[in-house]
Amino acid sequence: MIELRSTLAGRLTLTVLATLILLVLALPIVVIVVTSFGKDAFGSFPPESWTLSWYRQLFADGSKWPAALSLSALVAAMTTVFSLILGLTAATALVRSELPLRSAVYGLVLAPLVIPQVVVALGLFLLFEPASMLGSPIAIALGHTVLASPIAVMILMATLKGIDERLEDAAASMGAGRLTIARRITLPLAAPGLVAAGIFAFITSFDEFFIAQFLSSVGTVTLPVQVFNVLQYNVDPSVTAVSAILIAVAVMALALVGAARRLGGQGKQDGLLPTETAVSLPAGSETAS
């Protein structure tokens, strides 16, 4: 009984601590979302009255928010494509080939996640400024790819490691070429990982500020940069509505990642090559059959 009580007490303590941590993390998000529907967006919490005027103000005539939103979506879409191409290529090389100094290459790939984003942004500014590419959506997308591609590499490496290489070897032994193997076997099995990598790349670009701030111009301003500019020069209650939209996009992205994992099935290839049965066969049974 003492052991049972101790175990129950430990589980209850862990549950309470986890709940408190989740509440602390979620409380600012809840405050922003609730405040965006308040009549006085920078007033008391909870709001005394409710309104949708801040959301309507985002799309009013003369508003700069639609242009910033569309630019962020365009840049994030291009970043997703670039990150998936680089991520799949790098992950395949790191997992499927015998690269010399693989650990060093992997560390170099992940370096942008360790280096402060301000330093990365400054380096990209010095790279694109002589080429007169500041303010170009392509330049911003390439800059965001520097941050998004390492995340795609990590996700796709884990995905490729979970694919049974014997399926690819069997296809190659039957005369299938590399492109056929990739199209008919590897990519279908890696589809959930590709979806997850694409979603995380999109969110990384959509929410990124420092690189967009360094590479943007007066005519090309992404949504996070527009939020910063508005809060820097005046107090606009519509910022809370924009923040709520950003939160909703992130939540929907995480939901899509979860749905992709469930639809793809972690054990999708289980049972295709049952190694347990092959190991348990007695010696000489293959020739007997």
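Worth saying up front: this structure is predicted, and the values here are computed from it rather than measured. (Residues numbered from 1 in each chain as written. Predicted model: local features only at pLDDT ≥ 70, side-chain atom pairs only at ≥ 80, totals over all residues. Heavy atoms only, no water.)

For the largest pocket, the calculated volume is near 470 Å³. Along its surface, the largest pocket is lined by 15 residues, and Thr 92, Glu 168, Arg 178, Ile 181 and Thr 186 are the ones closest to its centre. Elements with a contribution of two residues or more to the lining of the largest pocket: helix H3 (65–96), helix H7 (165–173) and helix H8 (178–207). Residue contributions to the lining of the largest pocket peak at six residues, all from H8. When grouped by side-chain class, the residues that make up the lining of the largest pocket number seven nonpolar, three polar and five charged. (1 Å grid on protein atoms, 1.4 Å probe; cavity = no way out; pocket = protein on both sides within 12 Å on 5 of 7 lines; lining within 4 Å. Points joined across faces, edges and corners; volume = space filled by probe spheres on them. Helix = DSSP H or I, 4+ residues; strand = E, 2+ residues; numbered from the N terminus. Nonpolar A, V, L, I, M, F, W, Y, C, P; charged D, E, K, R; others polar.)

If you walk through the whole model with that rule in mind, you get one cavity of 30 Å³ or more. There is about 70 Å³ of room inside the largest cavity. The wall of the largest cavity is formed by Leu 58, Phe 59, Trp 65, Pro 66, Leu 69, Leu 223, Val 242 and Ile 245. Elements that contribute at least two residues to the lining of the largest cavity include exactly H3 and helix H11 (238–264). When residues of the lining of the largest cavity are assigned to their parent elements, the largest contribution, three residues, is made by H3. Split into classes, the residues belonging to the lining of the largest cavity amount to eight nonpolar, no polar and no charged.

Backbone geometry places Leu 101, a non-glycine residue, at a positive phi of 55°. When you line up the elements, Leu 101 lands in the loop between H3 and helix H4 (102–114). We note that Ser 132 has phi near 55°; this positive angle belongs to a residue other than glycine. Position of Ser 132 among the secondary structure elements: in the loop between helix H5 (117–128) and helix H6 (137–161).

To describe a pair of aromatic rings, one takes the distance between the centres and the angle between the planes. With the rule as written, the count across this model stands at five aromatic pairs. Geometrically, the ring pair formed by Phe 202 and Phe 206 is stacked, given 5.8 Å between the ring centres and 15° between the ring planes. Here Phe 206 and Phe 202 lie together in helix H8, a separation of four residues that amounts to about one turn. Exposure remark for Phe 202: the relative accessible area of 27% places this residue in the partly exposed category. Among the aromatic residues, ring-to-ring pairing joins Phe 209, Phe 210 and Phe 228 into one connected group. (Phe/Tyr/Trp six-rings, centres within 6.5 Å; stacked < 30°, edge-to-face > 60°. Buried < 20%, exposed > 50% of the residue type's maximum accessible area, 1.4 Å probe, protein only.)

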